[in-house]
Amino acid sequence: MAKIISLTPDSKLMNPDFEGYKLYYDADVTTYKQPVLEGVEVSPSGPTCYLGTRLKALHNHLFPDPFHLSSVYYFTSRGHLIKSGYSQDCHLSGNEVVWQADLTDEKTTPEQEEDEGGAQYHATVSFPGADLALVSNGRGSLHLLHTADRTTPTTHSWRVDYEVEIERGVLLQSCVRSTKAENGERADKNPDGNRVIECVVLSITTPAALLSNPQYTVVDKQLTNTKAVSLHLLTWLNLTYNGSTWKVSRERTVAGEGDIHYCSIDGSGTGLIVLAHKNYSFVGDSECPIIKPNNSDEKTNDEEELPKYIFMQTDEDVTVWMCVGEVVKEDVCVKVTSGELSVKVKERDILHAHFTEAALHQLSTWTIDGDGRLEIVLPKVLEGERWESLFMESELIGEEVKEQHLQLNKRLAHLTSDQWNPDPSSEAPVYDPGELEACDQAREELTLTHLHGSTHTPIALVHLGPTQHLFNAQIESLAGPAFCLRHDVDALLWQPRVCSEGQVTYTHVATYDAFGYVRASKTSAKFTCASSDLSYVAVADTHTHVYVFCQPGCVGGGELRNRKSGRQLERVARQLVISLKNHDPILGLHTAPGSLYVLTATTLYLYCIPTAL
């Protein structure tokens, strides 16, 4: 059974005295730019469903190098992979072609373009090591490249070490795990023999294609009964060196519906960490095949399951809740009489029971929410009469939720106030929940799942509830990316790490004060990135503007006071607004310590972000 854990913020990283961001118009921001000679890679004819459209619209054309923070890469319309970088001497260097990707797709026919499996994706590059790169052309080819030392300014082309056909998609992550050299061979003589390269490729398919593919075994009922038009596929590849060449030693596939906000291989290579709204499960494994339970066992398990429900009653009516799964209203049939309740889902009897008291069935109502929960409201014939139980059938297991919140409010009345600021002399900031708008509310619940790569079951779950995911950030070159979640008005950055027992823990590493509220107000935002040194976070609109929010820093050049309270401020958080000279769409954004990269269709911009006031 999966272990239920929670994310605990570090109180030392919280700032209850945050005064807000101060806009600086005269900030010393040096700007460099260089033309994109061949133009940025055009959007391919990818999937036309919602997931495909979202994937293309939010694609970041700038690829950072976690082992060389001052360099970025992008693909041109001709498939050239261009390297650009910043240095104190050369300022912004660029237009160095390091690789040529094949963006043609002669194998795709007009019939295949209608199928999600024959769709094209953007070319992507990832850097698992200081001398290695993985390139996916988005057309089904994966290249492992030897780059040598990428920190040297010497121009050289990268060497192909391995090429393989894979599932079409985009690279999400890659990493290197060290293993012991086989047959006692020294690591310095055969460095590749001690490394296993792992990567994750994201693609899109349809439920029909998933279920009909003999390579996949679907055991999750939510996938077999889904009403979704499209699904996400996560292909997890292991590349190993056999002494003479590389090969794909293991391939695993995870499928699920809904948006994926975060996906990463855990630090030990044991499993995948997925942050999504829906469940994701393994459907394929080349080393440990997934076994689907036979129909007889499945039927026996279904017959042993008893309907579970909860109910609450007032003097006027009784409200019943029960889970019916991911269904639409047309799949559910509810019949209520004065003495009976019958519920059917897809022509299958879910509940049939007799009331202990009479119900006013003519006025009964029922609804289904987005989480697959059925709610039935039953008015009482005799108002004020309390039902000792809901049904006569004792074998039906249920639970009554009593109205205890009124008594609880009375007991806690001394802790509350009808004023927003009952103590105006207090220096603590006051937040009015009434000021929150629709953009501040999360529409769906988020779940962080750690899936085991061998048992194909969840290791740990974090139920985050209706929480907003803000962005992901690579803050450690040898670790997986961190993810940022909204916490009240703030934004908290969490870094997954493997502890000594082999379990994954989530460490609160940084807080961006009030950025959760700020980010929700940016309705035209396209990209959100944070610097690896945690000094600032940037938000790019679809066109023209980039907003930079820096961490609080010490005030220099005189004192600064709060205009309302008169209190002297020792630390101030700075906000910068960068306006591009043209109004071209922003296609890429990357934040590095002290430098911000912005890519449009014709120009690459570099902004030197000052680290001190």
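It should be emphasised that the depicted structure is a prediction, and the values quoted were computed from it without experimental measurement.

### Let's talk about the packing of aromatic side chains
The way to describe two aromatic rings as a pair is by their centre distance and the angle between their planes.
Part 1: As enumerated under the stated definition, the model contains 18 aromatic pairs in all.
Part 2: With a centroid separation of 6.4 Å and 35° between ring planes, the pair formed by Tyr309 and Phe311 is classed as tilted. In terms of burial, Tyr309 and Phe311 fall into one category: buried.
Part 3: These aromatic residues form a ring-pair network of at least three members: Phe18, Tyr21, Phe471, Tyr512, Phe515 and Phe549.
Part 4: Stacked on the ring of Trp236, the Lys or Arg Arg252 has its end atom at 3.6 Å from the ring centre.
Part 5: Here Lys329 stacks its cationic end above the ring of Trp366, 5.8 Å away from the centre of that ring.

### With respect to the pairing of strand β39 (residues 571-579)
Every regular strand shows the same layout, with side chains that alternate between the two sheet faces.
Part 1: Of the strand pairs in this sheet, strand β2 (residues 21-23) and β39 are connected by 3 bridges, and their pairing is parallel. Each bridged residue has a counterpart across the sheet, and for Tyr21 the counterpart in β39 is Ala573.
Part 2: Both strand β35 (residues 545-550) and β39 contribute to a ladder of 5 bridges, which runs antiparallel. The residue bridging His545 from the neighbouring strand is Ser579, located in β39.

### Thoughts on the environment of Gly594
Part 1: In this structure, Gly594 sits in the loop between β40 (588-592) and β41 (595-599).
Part 2: Sequence-wise, Gly594 and Ser535 are 59 residues apart; in three dimensions their C-alpha atoms are separated by 8.5 Å.

### Things to note about the pattern of salt bridges
Opposite charge on two side chains permits them to pair, given that their charged atoms come into close proximity.
Part 1: Following the criterion strictly, the structure yields 12 salt bridges and no others.
Part 2: Asp259 is the partner of Arg54 in a salt bridge, and the nearest nitrogen-oxygen pair spans 3.7 Å. Taken as a pair, Arg54 in helix α1 (residues 50-57) and Asp259 in the loop between β15 (246-256) and β16 (260-265) lie far apart in primary sequence, 205 residues in all.
Part 3: Through salt bridges with shared partners, a single network forms among Arg250, Asp285 and Glu287.

### Observations regarding the sheet that holds strand β4 (residues 63-64)
Part 1: If you walk across this open sheet you meet the 4 strands as β4-β5-β6-β7, and the pairing is antiparallel. Of all the strands in the sheet, just β4 and β7 (91-100) have a single pairing partner and so form its edges.

### Let's talk about empty space enclosed by the protein
Part 1: Under the counting rule described, the total for this entry stands at 3 cavities of 30 Å³ or more.
Part 2: If you go around the largest cavity, the residues you meet are Pro44, Pro47, Gly52, Leu55, Lys56, His59, Gln120, Tyr121, His122 and Val170.
Part 3: Broken down by element, the residue count for the lining of the largest cavity peaks at 3 residues, all from α1.
Part 4: By residue class, the composition of the lining of the largest cavity is 5 nonpolar, 4 polar and 1 charged.
Part 5: Estimated volume of the second largest cavity: approximately 40 Å³.
Part 6: Every residue along the wall of the second largest cavity is listed here: Val274, Ala276, Lys278, Tyr280, Thr447, Thr449 and Leu451.
Part 7: At the level of elements, β17 (271-276) and β27 (446-452) are the ones that each hand at least two residues to the lining of the second largest cavity.
Part 8: Sorting elements by how many residues they give to the lining of the second largest cavity places β27 first, with 3 residues.
Part 9: Residues belonging to the lining of the second largest cavity are distributed by class as follows: 4 nonpolar, 2 polar and 1 charged.

### What to know about unusual backbone geometry
Part 1: A positive phi angle, close to 60°, is found at Ala514, a residue other than glycine.
Part 2: If you trace the backbone, Ala514 turns up in the loop between β32 (504-512) and α7 (515-521).
Part 3: For Ala514, a relative accessible area of 15% corresponds to the buried category.
Part 4: In the Ramachandran plot, Thr544 falls in the positive-phi region, its phi being about 70° despite a non-glycine side chain.
Part 5: Here Thr544 is to be found in the loop between β34 (536-541) and β35.

### Some remarks on the nonpolar core
The nonpolar side chains of a soluble globular protein tend to be buried, and buried together.
Part 1: Grouped together as the largest cluster of nonpolar side chains are 24 residues, with contacts concentrated most on Leu341, Phe355, Leu390 and Phe391.
Part 2: Broken down by secondary-structure element, the contributors of at least two residues to this core are β19 (308-313), β20 (317-323), β21 (332-336), β22 (340-345), β23 (348-354) and β25 (373-379).
Part 3: Discounting residues that sit within four places of it in the chain, Phe391 has contacts with Tyr309, Leu341, Leu351, Ala353, His354, Phe355, Thr356 and Leu396.
Part 4: Counting 23 residues, the second-largest nonpolar core is a separate cluster that includes Ala473, Leu493, Ala514 and Phe549.

### Section: the confidence of the model for the protein chain
Part 1: For the protein chain, mean pLDDT is 83; residues scoring 70 or higher make up 80% of the total.
Part 2: In this model residues 109-114 is a low-confidence stretch, pLDDT under 50, and it forms 5 contacts with partners more than four residues away in sequence or in other chains.
Part 3: In the predicted structure, residues 181-190 sits below a pLDDT of 50 and forms 4 contacts with residues beyond four places in sequence or in another chain.

### Focus: the environment of Ile475
Part 1: You can see Ile475 is positioned in the loop between β29 (469-473) and β30 (482-487).
Part 2: Residues Ile475 and Ala530, spaced 55 residues apart in sequence, show a C-alpha to C-alpha distance of 8.6 Å.

Calculation notes
Residue indices begin from 1 for each chain and proceed along its sequence in written order. For this predicted model, a pLDDT threshold of at least 70 governs which residues receive local features, and a threshold of 80 or more governs which side-chain atom pairs are given and counted, while totals over whole chains, interfaces and linings are taken from all residues. Based on all heavy atoms of the structure, the side-chain values leave hydrogens and waters out of the count. Aromatic rings from Phe, Tyr and Trp, taking only the six-membered ring of Trp, are treated as a pair when their centres fall within 6.5 Å; an angle between ring planes under 30 degrees marks them as stacked, one over 60 as edge-to-face, and anything in between as tilted. Remark: exposure states derive from per-residue accessible area (1.4 Å probe, protein chains only) relative to the maximum for the residue type, with buried under 20%, exposed over 50%, and partly exposed in between. Criterion for a charge above a ring: Lys NZ or Arg CZ within 6 Å of the ring centre, and within 35 degrees of the ring normal. The pairing criterion for strands is at least two bridges between them, as found by DSSP. Only DSSP runs of H or I with at least four residues qualify as helices, and only runs of E with at least two residues qualify as strands; both kinds are numbered from the N terminus onward. Whenever a carboxyl oxygen of Asp or Glu lies within 4 Å of a side-chain nitrogen of Lys or Arg, that contact is scored as a salt bridge. Grid spacing is 1 Å over the protein atoms alone, the probe is 1.4 Å, and a cavity is where that probe fits but cannot get out, while a pocket is an open set with protein on both sides within 12 Å along at least five of seven lines and lining residues have an atom within 4 Å of a point. Grid points are joined across faces, edges and corners, and a volume is the space filled by probe spheres set on the points. Here the nonpolar group is Ala, Val, Leu, Ile, Met, Phe, Trp, Tyr, Cys and Pro; Asp, Glu, Lys and Arg are the charged ones; every other residue, Gly included, is treated as polar. Here the nonpolar core consists of buried residues drawn from Ala, Val, Leu, Ile, Met, Phe, Trp, Tyr and Cys, with membership extended through side-chain atoms lying within 4.5 Å. We call two residues contacting when some pair of their heavy atoms lies within 4.5 Å. Every residue is assigned a pLDDT by the predictor, reflecting its confidence on a scale from 0 to 100.

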